[in-house]
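Each chain, written out:
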Amino acid sequence: MKAVLIQGDGIGREIAESVKEVSAELETGIVWDEYQAGAQYYEASGKLLQDGLLEAIAKDGIALKGPTATPIGKGFRSINVLLRQHFATYANLRPVKTMTGVPSRYENVDLVIVRENTEDLYKGIEYMYDQDTAHGIKLISRAASERIARFSFDYAKKNGRHKVTAVHKANIMKMTDGLFLESFQKVAKEYPEIASDSVIIDALCMKLVTDPAQFDVLCAPNLYGDIISDLCAGLVGGLGFAPSANIGDKVRIYEAVHGSAPDIAGRDLANPTALLMSFEMMLKDLGMKEKADRLQDALMEVIAQGKETTADIGGHASTSAFTQAVKERL
Ligand code: NAI
């Protein structure tokens, strides 16, 4: 079986190497179709994406992606946003769970963020109204809002989850977030067996940091989903433990929530767990549940023992030593 692998920028090469080694150890049979993309590739070649990358993703239907850097306030558009919009990977699934051995504020967090991935302010429709005024358009459609709500309820049903909560600010953005909420409430009626409610984004942030265990599945428009993903990663030990999947009808792209971590890149210091957990999600979706479970157990064992963990959670192991420890447990 073939899958596209994009190493990306910064720590991408180191954590992608870790996944390749673990995949070989697990004998997944996956043949990696490797392509380059990102800021480093842009500097070297003048192109953001290597020729053939989009075609390869379309053909294989599955990709694992390292982080890619995006310039702030100027320069090219985010490759992530580009890929999500190009392949209409409309749902960004981000599970958040506490792990034994990872220092965190709470012990009982187990929630899933479903982030709408294609519209909202991330549509990138911005222009200068005049020299001193910038305009950005928050685009929310009924079709995309109903689609993400349906995805959230279907996910809850399939995965034994009990409640889906819509995230919004419809008290202020009455049309855009109002439409998102209205679409959610319409779809919720089709799933009487799953509880549903809604929460205003600012109140949600307070509730998440004081009592995260009250949430099960959170269904959010793009921007709020992006922000609460990092907040929730912080609840369970940081960005090193936050995996994700971008899911469309024809293409799935798996990636860690974190970025390219330029401050530690190239020093064999990065924690590869989030990308390995994203790979674990990919294996499950490919029908390799037994291998995914073995990987999960190995990760949990190494982390719980705490002898070969990386610096982000107070350990002293390098990326490669951590990877070696996981392979030994496999
Ligand atoms: P970041 O997530 O790269 O780093 C934030 C902090 O977390 C840094 O101190 C970093 O060292 C640490 N960190 C992140 N991942 C880690 C890991 N696996 N192990 C240990 N420590 C880790 O966020 P930042 O600095 O805001 O962004 C850097 C670049 O990444 C930017 O160009 C941004 O656009 C890009 N980015 C890309 C994403 C993607 O491709 N999916 C997602 C988020 C940011």
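Because the structure is a prediction, the values reported are computed rather than measured.

**Overview of the site of the ligand**
Around the ligand there are 20 residues in total, and T68, G259, A261, D263 and N271 lie nearest to it. At 3.2 Å, a side-chain N or O of K65 approaches an oxygen atom of the ligand. Within the contact set of the ligand, a nitrogen atom lies 3.2 Å away from a side-chain nitrogen or oxygen of H258. For the ligand, the accessible surface in isolation is 810 Å², of which the surrounding protein chains cover 67%. For the shell around the ligand, a count of residues per class yields nine nonpolar, seven polar and four charged.

**Focus on the pairing of strand β3 (residues 62-65)**
Because side chains alternate across β3, one face comprises the buried residues I62 and L64, and the other comprises A63 and K65, equally buried. In terms of strand pairing, strand β1 (residues 2-6) meets β3 through three bridges, oriented parallel. Note on β3: the bridge partner recorded for L5 is L64. Pairing analysis gives four bridges linking β3 to strand β12 (residues 252-256), with the strands arranged parallel. Each residue of the ladder has a partner; that of I62, found in β12, is R252.

**Quick word on the pairing of β12**
Every other side chain in a regular strand lies on the same face of the sheet, so the side chains alternate between the two faces. Judged by how many residues are buried, β12 sits mostly within the fold: four of five residues are covered. Across five bridges, the pairing between strand β11 (residues 243-247) and β12 is antiparallel. Directly across from A245, in β12, lies its bridge partner Y254. What sits between the antiparallel neighbours β11 and β12 is a turn of four residues.

**So, the packing of aromatic side chains**
Inspection of the entire model under this criterion finds four aromatic pairs. Consider the rings of W32 and F279, whose centres lie 5.9 Å apart with planes at 50°: the pair is tilted. On the criterion of sequence distance, the pair formed by W32 in strand β2 (residues 31-35) and F279 in helix α9 (residues 273-285) is long-range, its members being 247 residues apart. Both residues of the pair, W32 and F279, count as buried. Ring plane angle 40° and centroid distance 5.3 Å describe the contact between F153 and F184, whose orientation is recorded as tilted. In this pair, F153 is assigned in helix α5 (residues 142-158) and F184 in helix α6 (residues 176-188), connecting sequence segments 31 residues apart. On the basis of relative accessible area, F153 is assigned to the buried category, the value being 0%. Ring pairing ties together the aromatic residues F153, F184 and Y191, which thus form one cluster.

What counts and how
Residues numbered from 1 in each chain as written. Predicted model: local features only at pLDDT ≥ 70, side-chain atom pairs only at ≥ 80, totals over all residues. Heavy atoms only, no water. Near = heavy atom within 4 Å. Polar contact = N/O pair within 3.5 Å; in protein donor to acceptor, adjacent residues only side chain to side chain. Areas by Shrake-Rupley, 256 points an atom, 1.4 Å probe, with all protein chains shown as cover. Nonpolar A, V, L, I, M, F, W, Y, C, P; charged D, E, K, R; others polar. Buried < 20%, exposed > 50% of the residue type's maximum accessible area, 1.4 Å probe, protein only. Helix = DSSP H or I, 4+ residues; strand = E, 2+ residues; numbered from the N terminus. Pairing = 2+ DSSP bridges. Phe/Tyr/Trp six-rings, centres within 6.5 Å; stacked < 30°, edge-to-face > 60°.

So far we have only geometry, and geometry alone does not tell us how the molecule works.
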